[in-house]
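The lines below spell out each chain.
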Amino acid sequence: MSKKLVIIGGGGKGGPIASCIEYNKINYDDNEYVVYGFLNDVESQEINGYPVLGKINEYEKLLNDPDVYFVFAIHLVKNNIKADELFKTFKIPKDRYATIVHRSAVIAQGAILEPGVVVLAQAYVSNAHLKLGTLVMAGVIVGHDAVVGPLAFLSVGCIVGSRTRIGRSAFISLGAKIVELNEVEDFAIVAAGAVVISNVPTKTVYGGVPAKFMREI
Ligand SMILES: CC(C)(COP(=O)(O)OP(=O)(O)OC[C@H]1O[C@@H](n2cnc3c(N)ncnc32)[C@H](O)[C@@H]1OP(=O)(O)O)[C@@H](O)C(=O)NCCC(=O)NCCS
């Protein structure tokens, strides 16, 4: 029997995750997960054609069903600290978070994907370590020995170089590149298209080529 996937969040990040489940099912007969629905505080009916099962704090009633697994799909460029605080309130055991990989993604031998990690279409993850709840969007490349997360967000088309460290709830925007050996510290944001060639301190926004300090968060 399929595991029931509950997506915590909205269609922005949750939609592509639901599409991934459908793609895997339709094209690979992969029935490990079926999208059970969303938990969302704003929408009350449906998101992308899937039912809204309740408000976010109603996850506890779903925990009683042992077939339910969760994915945290709230990654907000302007509010990554708040999203992290929300995540910390959950009493969801780590093993009840789903690990989801799009069938067109490539995961190298030796990569570690913790629970709650999602890797979307045509991403390539070398033998890196992706920590709890990290979301890897389409077309991302993660180099060898990178350590990413927990709860980091790697936006579409970004490149995370080898031996980098991407901190907790860090947000790497569209197409940004993190050059090898550099660190993006916890809660930092790297702007779209940036090329990071130095460490990015916690709770700062860096952007440009090469990436420079833009502002504090
Ligand atoms: C970095 C980012 C968060 C900055 O947002 P912000 O703080 O609201 O910035 P603003 O739009 O007010 O712009 C402030 C300044 O930064 C500049 N700027 C904004 N984005 C920039 C970028 N990606 N690279 C370089 N400079 C940028 C603006 O031109 C502006 O410059 P100015 O003050 O000289 O006019 C945003 O631009 C960004 O890159 N978002 C990425 C979103 C994303 O990847 N989403 C993924 C969804 S899947």
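Just so it is clear, the model here is predicted, and its values are computed rather than measured.

Reading the values: the criteria
- Residues numbered from 1 in each chain as written.
- Predicted model: local features only at pLDDT ≥ 70, side-chain atom pairs only at ≥ 80, totals over all residues.
- Heavy atoms only, no water.
- Pairing = 2+ DSSP bridges.
- Helix = DSSP H or I, 4+ residues; strand = E, 2+ residues; numbered from the N terminus.
- Phe/Tyr/Trp six-rings, centres within 6.5 Å; stacked < 30°, edge-to-face > 60°.
- 1 Å grid on protein atoms, 1.4 Å probe; cavity = no way out; pocket = protein on both sides within 12 Å on 5 of 7 lines; lining within 4 Å.
- Points joined across faces, edges and corners; volume = space filled by probe spheres on them.
- Nonpolar A, V, L, I, M, F, W, Y, C, P; charged D, E, K, R; others polar.
- Expected span 1.5 Å × (residues − 1).
- Buried < 20%, exposed > 50% of the residue type's maximum accessible area, 1.4 Å probe, protein only.
- Domains from an automatic or database assignment.
- Contact = heavy atoms within 4.5 Å.
- Buried area = accessible area lost by both parts, 1.4 Å probe.
- Salt bridge = Lys/Arg side-chain N within 4 Å of Asp/Glu carboxyl O.
- Polar contact = N/O pair within 3.5 Å; in protein donor to acceptor, adjacent residues only side chain to side chain.
- Patch = residues over 30% accessible without salt bridge, like charges linked within 9 Å, V, L, I, M, F, W, Y side chains within 5 Å.
- Areas by Shrake-Rupley, 256 points an atom, 1.4 Å probe, with all protein chains shown as cover.
- Core = buried A, V, L, I, M, F, W, Y, C linked by side-chain atoms within 4.5 Å.
- Near = heavy atom within 4 Å.

Focus: the sheet that holds strand 1 (residues 3–8)
Read across the sheet, five strands follow the order 3-4-2-1-5 without closing on themselves; strand pairing throughout is mixed. Two strands in the sheet have a free side with no partner beyond their single neighbour: strand 3 (46–47) and strand 5 (68–72). Sheet topology places strand 1 next to strand 2 (residues 33–39); six bridges connect them, and they run parallel. By the bridge assignment for strand 2, valine 6 is matched with glycine 37.

Here we look at the packing of aromatic side chains
This structure, assessed with the given rule, holds 10 aromatic pairs. One aromatic cluster in this structure is built from Tyr59, Phe72, Phe87, Phe90 and Tyr97.

Side note on the layout of surface pockets
Reported here for the largest pocket is a volume of approximately 180 Å³. Every residue lining the largest pocket is counted, 14 residues in all, and those nearest its centre are Gly9, Gly10, Asn40, Ile56 and Ile74. Grouping the amino acids of the lining of the largest pocket by side-chain chemistry returns seven nonpolar, five polar and two charged.

Quick look at helix 1 (residues 11–28)
Over its 18 residues, helix 1 runs 24 Å from end to end, which matches the ideal 26 Å to within 8%, given 1.5 Å per residue. All of the buried residues in helix 1 are Gly14, Gly15, Ile17, Ala18, Cys20, Ile21 and Asn24. Backbone geometry just downstream of helix 1 places aspartate 29 in the positive-phi region, at approximately 55°.

Details of the domain arrangement of the protein chain
Annotation of the protein chain at the domain level lists domain 1 (3–96) and domain 2 (100–211). Between domain 1 and domain 2, the C-alpha centre-to-centre distance is 21 Å. Opposite the 22 residues of domain 1 that make contact, domain 2 presents 25 residues. Together, the buried faces of domain 1 and domain 2 total about 2,100 Å²; carbon and sulfur atoms form 72% of this surface. Close ionic contact of arginine 168 with aspartate 84 constitutes a salt bridge, the shortest N to O distance being 2.8 Å. Our count for the contact surface shared by domain 1 and domain 2 stands at eight residue pairs in polar contact (both at pLDDT 80 or more). The set of elements that each furnish at least two residues to the side of domain 1 that touches domain 2 consists of helix 1, strand 5 and helix 3 (80–89). Each residue belonging to the side of domain 1 that touches domain 2 can be placed in one class, and the counts come to 14 nonpolar, three polar and five charged.

Regarding a nonpolar patch on the surface
Among the surface-exposed residues, Val106, Tyr124, Ile141 and Ile159 lie close enough to one another that they form a single nonpolar patch of about 310 Å² accessible area. Turning to its location among the elements, isoleucine 141 is positioned in strand 13 (residues 141–142). When its relative accessible area of 39% is taken as the criterion, isoleucine 141 is described as partly exposed.

Describing the nonpolar core
Ranked by internal contacts, the top residues of the largest apolar core, which has 29 residues, are Val142, Leu154 and Ile166. Apart from residues no more than four positions distant in its own chain, valine 142 is found in contact with Tyr124, Val125, Ser126, Ala128, Leu130, Val148, Leu154 and Val160. In this structure, Cys20, Val71, Ile189 and Val205 belong to the second largest nonpolar core, which totals 25 residues.

Observations regarding the site of the ligand
Residues in contact with the ligand, as listed here, are Val77, Lys78, Phe153, Ser155, Ser173, Leu174, Ala191, Ala192, Val205, Met214 and Arg215. One of the side-chain nitrogen or oxygen atoms of arginine 215 is found 2.8 Å away from an oxygen atom of the ligand. For the ligand, whose accessible area on its own is 910 Å², the fraction buried by protein is 47%. For the shell around the ligand, a count of residues per class yields seven nonpolar, two polar and two charged.

Re the environment of methionine 214
Tracing the backbone shows methionine 214 in strand 24 (residues 212–216). Methionine 214 sits 10 residues away from threonine 204 along the chain, and the two C-alpha atoms are 7.5 Å apart. Setting aside anything within four residues of it in sequence, one finds methionine 214 in contact with Ala191, Val205, Tyr206 and Gly207.

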